[in-house]
Amino acid sequence: MTSRFEARRQKILEQLDAPDGEYHDLSPKGSIDAPIRGLIGEINGFDGIVTTSSCSGRISVFLEGRKADGDALKSPKEGEESRAGPGGKGGGGSWLFISHDPVEVPDVSFPTDFTSKFGLQKVSDDELSRFDAQRRFIHLKFEPMILHILNASLDHAQKILNAGMGAGFRESGAVSLGASKSGEATPVVAIRSTGYSFDSIIGYQDEAGRNVSLISEAHLRTLVCIANERFKINMERIARFRTKLLESYQLTSNATSGSSKPNWEDADSRKQRKRTEGLARQQALQSASSEHRTSTGNESLDIQIIGGILS
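Since we're looking at a predicted model, the values are computed, not measured. (Residues numbered from 1 in each chain as written. Predicted model: local features only at pLDDT ≥ 70, side-chain atom pairs only at ≥ 80, totals over all residues. Heavy atoms only, no water.)

Details of the overall build of the chain
Scanning the chain from N- to C-terminus turns up six helices and nine strands. Across the 311 residues in the chain, those meeting the buried criterion constitute 34%. Taking the contacts inside the chain whose residues are at least 6 apart along the sequence as the reference set, 74% of them involve residues at least 24 apart. Of the roughly 19,000 Å² of accessible surface on the chain, a fraction of 52% belongs to carbon and sulfur atoms. (Helix = DSSP H or I, 4+ residues; strand = E, 2+ residues; numbered from the N terminus. Buried < 20%, exposed > 50% of the residue type's maximum accessible area, 1.4 Å probe, protein only. Contact = heavy atoms within 4.5 Å. Areas by Shrake-Rupley, 256 points an atom, 1.4 Å probe, with all protein chains shown as cover.)

So, the environment of Lys117
Mapping Lys117 onto the fold places it in helix 3 (residues 114-117). Those residues in contact with Lys117 that sit more than four places away from it in its chain are Phe97 and Val103.

Some words on the sheet that holds strand 1 (residues 49-55)
Backbone-to-backbone hydrogen bonds pair the strands of a sheet. The strands run either parallel or antiparallel. Across the sheet, which stays open at both edges, the four strands sit in the order 1-5-7-6 with antiparallel pairing between neighbours. Strand pairing shows two members of the sheet lacking a second neighbour, strand 1 and strand 6 (173-176), which therefore form its edges. With direction set aside, neighbouring strand axes in the sheet form an average angle of 30°. Helix-sheet contacts for helix 1 (residues 4-16) involve strand 1 and strand 5 (146-151), and the interaxial angle to strand 1 is about 50°. This element, helix 4 (residues 154-166), spans strand 1, strand 5, strand 6 and strand 7 (188-191) of the sheet and lies at about 5° to strand 7. (Pairing = 2+ DSSP bridges. Axes fitted to C-alpha atoms, helices over the stretch in contact; angles between N-to-C directions.)

Some words on the nonpolar core
Of all hydrophobic cores here, the largest spans 40 residues; its most connected members are Phe118, Leu140, Ile202 and Phe241. Only helix 2 (37-43), strand 2 (58-63), strand 4 (136-143), strand 5, helix 4, strand 7, strand 8 (198-205) and helix 5 (217-257) provide two or more residues apiece to this core. Tallying contributions element by element places helix 5 first for this core, with nine residues. If we skip the residues at most four places from it in the chain, Phe241 touches Leu39, Ile43, Leu147, Ile149, Ile160, Ala163, Gly164, Ala167, Phe169 and Ile191. Grouped together as the second largest cluster of nonpolar side chains are six residues, Ile12, Val50, Leu150 and Val188 included. (Core = buried A, V, L, I, M, F, W, Y, C linked by side-chain atoms within 4.5 Å.)

Brief notes about the sheet that holds strand 2
Strand order in the open sheet formed by five strands is 3-2-4-8-9, with antiparallel pairing between adjacent strands. Looking at the sheet topology across the chains shown, the edges are occupied by strand 3 (94-99) and strand 9 (211-213). The sheet shows a mean angle of 30° between the axes of neighbouring strands, direction not considered. Across five bridges, strand 2 lies against strand 3 in antiparallel orientation. Looking at the pairing, Val61 lines up with Phe97 of strand 3.

Some details on the pattern of salt bridges
As enumerated under the stated definition, the model contains seven salt bridges in all. Lys67 is paired through a salt bridge with Glu64; the nearest N and O atoms lie 2.9 Å apart. Note on Glu64: relative accessible area 5%, which makes it buried. Linked through salt bridges whose partners overlap, the residues forming this network are Glu127, Asp206 and Arg210. (Salt bridge = Lys/Arg side-chain N within 4 Å of Asp/Glu carboxyl O.)

Some words on the packing of aromatic side chains
Applying the stated rule across the entire model yields seven aromatic pairs. For the pair Phe46 and Tyr249, a centre-to-centre distance of 4.5 Å together with 20° between the ring planes defines the contact as stacked. Of the two residues, Phe46 sits in the loop between helix 2 and strand 1 while Tyr249 sits in helix 5, which places them 203 residues apart along the sequence. Each ring, one from Phe97 and one from Phe118, has its centre 4.9 Å from the other, and the planes form 55°; the classification is tilted. (Phe/Tyr/Trp six-rings, centres within 6.5 Å; stacked < 30°, edge-to-face > 60°.)

Quick word on helix 1
The first and last C-alpha atoms of helix 1 sit 19 Å apart over 13 residues, in line with the 18 Å expected at 1.5 Å per residue. Within the span of helix 1, buried status applies to Phe5, Arg9, Ile12 and Leu13. Within helix 1, the buried residues cover an arc of 100° as seen down the axis, which keeps them to one side. (Expected span 1.5 Å × (residues − 1). Arc of directions from axis to C-beta.)

With respect to the confidence of the model for the chain
Mean pLDDT for the chain: 80, with 69% of residues reaching 70 or above. The least confident element of the chain is helix 6 (residues 267-310), whose mean pLDDT is 54; the most confident is strand 2, at 97. The low-confidence segment residues 259-265, where pLDDT is below 50, has 15 contacts with residues more than four positions distant or belonging to other chains. Confidence drops under a pLDDT of 50 for residues 298-311, and excluding neighbours within four residues, the segment shows zero contacts in the predicted structure. (pLDDT = per-residue confidence, 0-100.)

Printed below as a string of structure tokens:
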């Protein structure tokens, strides 16, 4: 009988195997982020674990949703439009810009126009509105990688958590420890870190629906440069997480097989090894074929000579 974990794992893997034109998830982009696509594939290649959601890290510009006019804690009545929560999500909030890679910043000798790139516009000081807490603000954010992994057991979850914490994702933890009615525990571990994320208000939406910038182009450029630096930290930690996770599963595999020699390799090394092995096999087949032809020719010659002697 298929376990609860295996049933969920199989369903997730089938969804991930769908062609690019058919695959779609709930993220703003609707697909797995390219920077961690290889990592996701490696994780899902191990028994006992499978990814359920992921984000490789991103720079984004986000317009908050509509805010509640009165008590922010009140839920909207039936028929009323939803309102944004404390973080601005919901209530018609929208992404003005998203990138899962560092944003290109020209040399300091060249001008930038991040104001327009992020869907903002400059207005005169006279047009700037006075502060209003109910205004829909615009945020520039950097958010590190977050990865949710479903586990077949607490032992698997512990290995994932150890790898995440050891790689610097210090806010990692189990987000679900519940067991099914049958007693089968399938915990979910979140690999995450908020220590190097940031959120800066850069504008607001005015009564006319304009997305107005509150800061100078130079200030905006500085924020983008900071976000790009955070991207470097993020990619370094992702690489460490991958290494520690592969080492952890390799140790388990070696303990089971009695081997102490590591045998895992990254995607590029595996590709090169497969190519080398393929060429070696091809050369071996060519050599064997050549030897066979030579041997067959010699046998025929020997028979002819013997035949001549006998005759």
